[in-house]
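Descriptive analysis of the structure
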Amino acid sequence: MSFKNIQELEKRLWDAADELRANSDLTSQEYSRPVLGLIFLRYAEYRFEMAKARIEEKQSSRRRGGDIKTAIQAEGAMYVPEGALYSKLLELPDGADVGKAINDAMKALEAENEAIKDTLPKTFTKFDGDTLSGLLKNFAAIRFDIGSDVFGRIYEYFLTQFARAEGQGGGEFFTPSPLVRLISEIIEPYSGKVYDPACGSGGMFVQSAAFVREHNKTATSELSIFGEEKTGDTVRLAKMNLAVHGLEGDIKNGNSYYEDIHDSVGKFDFVMANPPFNVDKIQKERLEDSKARFPFGMPRVDNGNYIWIQMFYSALNAKGRAGFVMANSASDARGSEMEIRREIIQSGAVDVMVAISSNFFYTVTLPSTLWFFDKGKPESRKDKVLFIDARHIYTQVTRAVRDYSSEQLNFVANIVRLYRGEMVDDTFLATHPDERNSGDWSIEKFFPDGTYQDIAGLCKVATTEEIEEQGWSLNPGRYVGVAEGEEEDEEEFRIKLEELQEELEILNGEAHELKKIIAQNVAEVLGY
């Protein structure tokens, strides 16, 4: 139910908000922040009420007491005072000054929550009362119980729509929550410093905290959160997203290519990210002296993928783990990018590679790969990488969008645990009931002995020597192969064609760069 319902909800909310915008004299830019502020206020009350109910249930058999604000935060929510309740705004009488009442609610919420000080909009008196009443009623219909991190997703959907209305592209996409959660399940951020240098709305942090809470620990005491984001408005969004989940973090505004705001080298226990893919025009000459951040040098091609990958690698401490989303083409890239990849593989840090089906991102069909680093790998696994081809593992939600059932996500994460010699952990499955679960993806069905084994078409452990034989490729499809009796279907052919097209574009780019270098060298030799 979750994905389709969220899509329908997003469209309905946007249509309602946009109709009101069209009937006002405000631009999209003037309209967006107040609209997003109201969604935030609604979500804050939803999580507050849920947390309060859980606390009251726990205290029913004990004497009540203690600090309610601290207790609410421990339950993963933000304390919402009476004067900031969305439900009270819905009860305003006819003729009330709705704009002033909403401004007062925003101020009351900030006063109780230092982490969001000066982040909430307070310009509601610019709107007429009828417009605001219409927005309040529309957003009251939002169901936040239909999926994880719904707030972040709806919020980013609105940001994208507002950007489109302003004629802005962007090219950066909200990371689907199943992928974020799979990263959390594989790097297992039980405790320590978590860093995302391309943090967007902070979804990686929210899912890390959910992982900790579901393992019966308190996220606020176990995790320290550090993020960097280049867009000022999105920094505010990330702070709000953390606050509404009862989290605090050090989120700063900066361009991670050129500004290492958190002095990241060797500092973090966990790095999680979904950086923008295939970025060009990065001023590499400004980075060449940053040997600590980019220990394997600059790629010669005009593509930022291996700049990000080195950023993640260098930010880890001696036992740190990283998990990040990357364009498929990076796994097989040639030339200088292959040389960088070879050095990273030889360092022993590459732990797991997971190929993901296309259509997980809800605005583009892009296939992607999840990369995992582990600098604390035991010696027995130093020269090995686990490859998982999960392109066949998905649930079709709509014709254009795919998702994981909780059973499928749990299955992929447990393959990694078996490979590491750990016990199977079904916490995610137990805490996320899903009507789509069928038993087809139970770990016992594929690994009946409870130990890891290579399975054709699904997973394969490859040594460094085997990876070298494959031209230092980290593409899972090269190692895992096809299951016995299976034939390549139309979907696989389409995926391969897309990958080949992507590879061709990369090679054309490299050829263009080489042509320029050769022309420069010839000109120098001939003295032109």
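Reading the values: rules and limits
- Every chain begins its residue count from 1, and numbering advances along the sequence as written.
- Whole-chain, interface and lining totals are the exception, using all residues; otherwise, since this is a predicted model, local features are given only for residues with pLDDT of at least 70 and side-chain atom pairs are given and counted only at 80 or more.
- Only hydrogens and water are removed before side-chain values are computed, so all heavy atoms of the structure are retained for them.
- By definition, any uninterrupted DSSP run of H or I lasting at least four residues is a helix, any uninterrupted run of E lasting at least two residues is a strand, and each is numbered from the N terminus.
- Any two residues whose heavy atoms approach within 4.5 Å are treated as being in contact.
- Every accessible area reported is derived by Shrake-Rupley at a probe size of 1.4 Å, with residue values counting cover from the shown protein chains alone.
- The rule for a salt bridge is simple: a side-chain nitrogen of Lys or Arg has to be within 4 Å of a carboxyl oxygen of Asp or Glu.
- Whether a residue is buried, partly exposed or exposed follows from its accessible area with a 1.4 Å probe, protein chains only, as a fraction of its type maximum: under 20%, in between, or over 50%, in that order.
- Whether two strands pair depends on DSSP finding at least two bridges between them.
- With its strands directed away from the observer, a crossover is right-handed exactly when the path from the first strand over the helix to the second travels clockwise.
- Patch membership requires more than 30% relative accessible area and the absence of a salt bridge. Residues of like charge join within 9 Å; the nonpolar side chains Val, Leu, Ile, Met, Phe, Trp and Tyr join within 5 Å.
- What pLDDT reports is the predictor's confidence in each residue, on a scale of 0 through 100.
- Axis definition: a line fit to C-alpha positions, over the contact stretch in the case of helices; interaxial angles, taken between N-to-C directions, run 0 to 180 degrees.
- For classification, angles of less than 35 degrees are called roughly parallel, those exceeding 145 degrees roughly antiparallel, those between 65 and 115 degrees roughly perpendicular, and all remaining angles oblique.
- Each crossing gets its hand from how the near helix is turned against the far one by less than a right angle, where anticlockwise is left-handed and clockwise is right-handed.
- Nonpolar residues are Ala, Val, Leu, Ile, Met, Phe, Trp, Tyr, Cys and Pro. Charged residues are Asp, Glu, Lys and Arg, and all others, Gly as well, are polar.
- Helix span, expected: 1.5 Å multiplied by one less than the number of residues in the helix.

Moving on to the overall build of the protein chain. Helix and strand content of the protein chain: 19 helices and 11 strands. Summarising the internal contacts of the protein chain: among those between residues at least 6 apart in sequence, 75% fall at separations of at least 24. As displayed, the protein chain offers around 23400 Å² of accessible surface, 48% of which is attributable to carbon and sulfur atoms.

As a further point, take the pattern of salt bridges. Oppositely charged side chains can pair when the atoms bearing their charge come close. Counted according to the given criterion, the structure contains 26 salt bridges. As a salt-bridge pair, Lys384 and Asp383 come within 3.6 Å of each other at their nearest N and O atoms. The class for Asp383 is partly exposed, based on a relative accessible area of 33%. Each member of the salt-bridge network shares a partner with another, and the members are Arg181, Glu185, Glu188, Glu214, Arg321, Asp351, Asp374, Arg381, Arg417 and Arg420.

What follows deals with the pairing of strand β5 (residues 316-327). Within β5, 10 of the 12 residues are buried, which leaves it mostly tucked inside the rest of the structure. Inspection of the sheet shows strand β4 (residues 268-273) paired to β5 by five bridges, in the parallel sense. Bridge assignment links Ala273 to a residue of β5, and that residue is Phe324. Following the backbone out of β4, through helix α12 (residues 305-315) and into the adjacent parallel β5, one traces a crossover that is right-handed. Across seven bridges, β5 lies against strand β7 (residues 368-374) in antiparallel orientation. The partner of Val325 across the bridge, within β7, is Leu370.

With that settled, the discussion passes to a nonpolar patch on the surface. Together, Leu514, Ile517, Ile518, Val522, Val525 and Leu526 make up a nonpolar patch on the protein surface, roughly 550 Å² of accessible area in all. Following the sequence through the fold, Val522 ends up in helix α19 (residues 490-526). Owing to a relative accessible area of 40%, Val522 belongs among the partly exposed residues under this scheme.

On average, the protein chain scores 86 in pLDDT, and the residues at 70 or more come to 85%. Ignoring residues within four places in sequence, the model shows residues 167-171, a span with pLDDT below 50, making one contact including any to other chains.

What follows deals with the packing of helix α8 (residues 177-187) against helix α9 (residues 203-214). Packed helices, taken two at a time, are described by the angle their axes make and the gap between the axes. Following both chains from N to C, one finds α8 and α9 inclined at 55 degrees, their axes separated by 9 Å at the closest point. Taken together, α8 and α9 sit at an angle that is classed as oblique. As for how α8 packs across α9, the hand of that crossing is right-handed. Where α8 abuts α9, its residues Ser177, Val180, Arg181, Ile183, Ser184 and Glu185 lie against Gly203, Met204, Gln207, Ser208, Ala210, Phe211 and Glu214. Among the residues making up the contact of α8 with α9, the classes are represented as five nonpolar, five polar and three charged.

A separate point is the packing of helix α5 (residues 98-112) against helix α6 (residues 129-139). Between α5 and α6, whose axes approach to 8 Å, the crossing angle comes to 50 degrees. As summarised for this structure, α5 and α6 are arranged oblique, according to the angle between their axes. Residues Val98, Gly99 and Ile102 of α5 form the contact with α6, whose own contacting residues are Gly129, Leu132, Ser133 and Leu136.

Here nine strands make up an open sheet; going across it, the order is β3-β2-β1-β4-β5-β7-β6-β8-β11 and the pairing mixed. Edge positions in the open sheet fall to β3 (250-253) and β11 (459-463), since each of these has one partner strand only. For this sheet, the mean angle separating the axes of adjacent strands, direction not counted, is 15 degrees. Seen against the sheet, α9 touches β1 (192-196), β2 (223-229), β3 and β4 and runs at an angle of roughly 165 degrees to β2.

Tracing the chain through its elements places Phe139 in helix α6. Under the relative-accessibility criterion, Phe139 is labelled buried at 0%. Sequence separation of Phe139 and Leu41 is 98 residues, and the distance between their C-alpha atoms is 9.9 Å.

A rise of 1.5 Å per residue sets the reference length of α5, with its 15 residues, at 21 Å; its end C-alpha atoms lie 22 Å apart and thus fit the reference within 8%. If you check which residues of α5 are buried, you get Val98, Gly99, Ala101, Ile102, Asn103, Ala105, Met106, Leu109 and Glu110.

Quick look at the pairing of strand β8 (residues 384-390) now. Taken residue by residue, a regular strand's side chains alternate between the two faces of the sheet. Most of β8 sits inside the fold, with six of its seven residues counted as buried. Note: strand β6 (residues 350-356) against β8, five bridges, orientation parallel. Directly across from Val352, in β8, lies its bridge partner Leu386.

Phi at Asp118 takes a positive value of approximately 65 degrees, unusual for a residue other than glycine. With respect to the element layout, Asp118 can be found in the loop between α5 and α6. Asp118 sits in the exposed class, given a relative accessible area of 58%. Its identity as a non-glycine residue notwithstanding, Asn359 has a phi of 70 degrees, on the positive side. Structurally, the position occupied by Asn359 is in the loop between β6 and β7.

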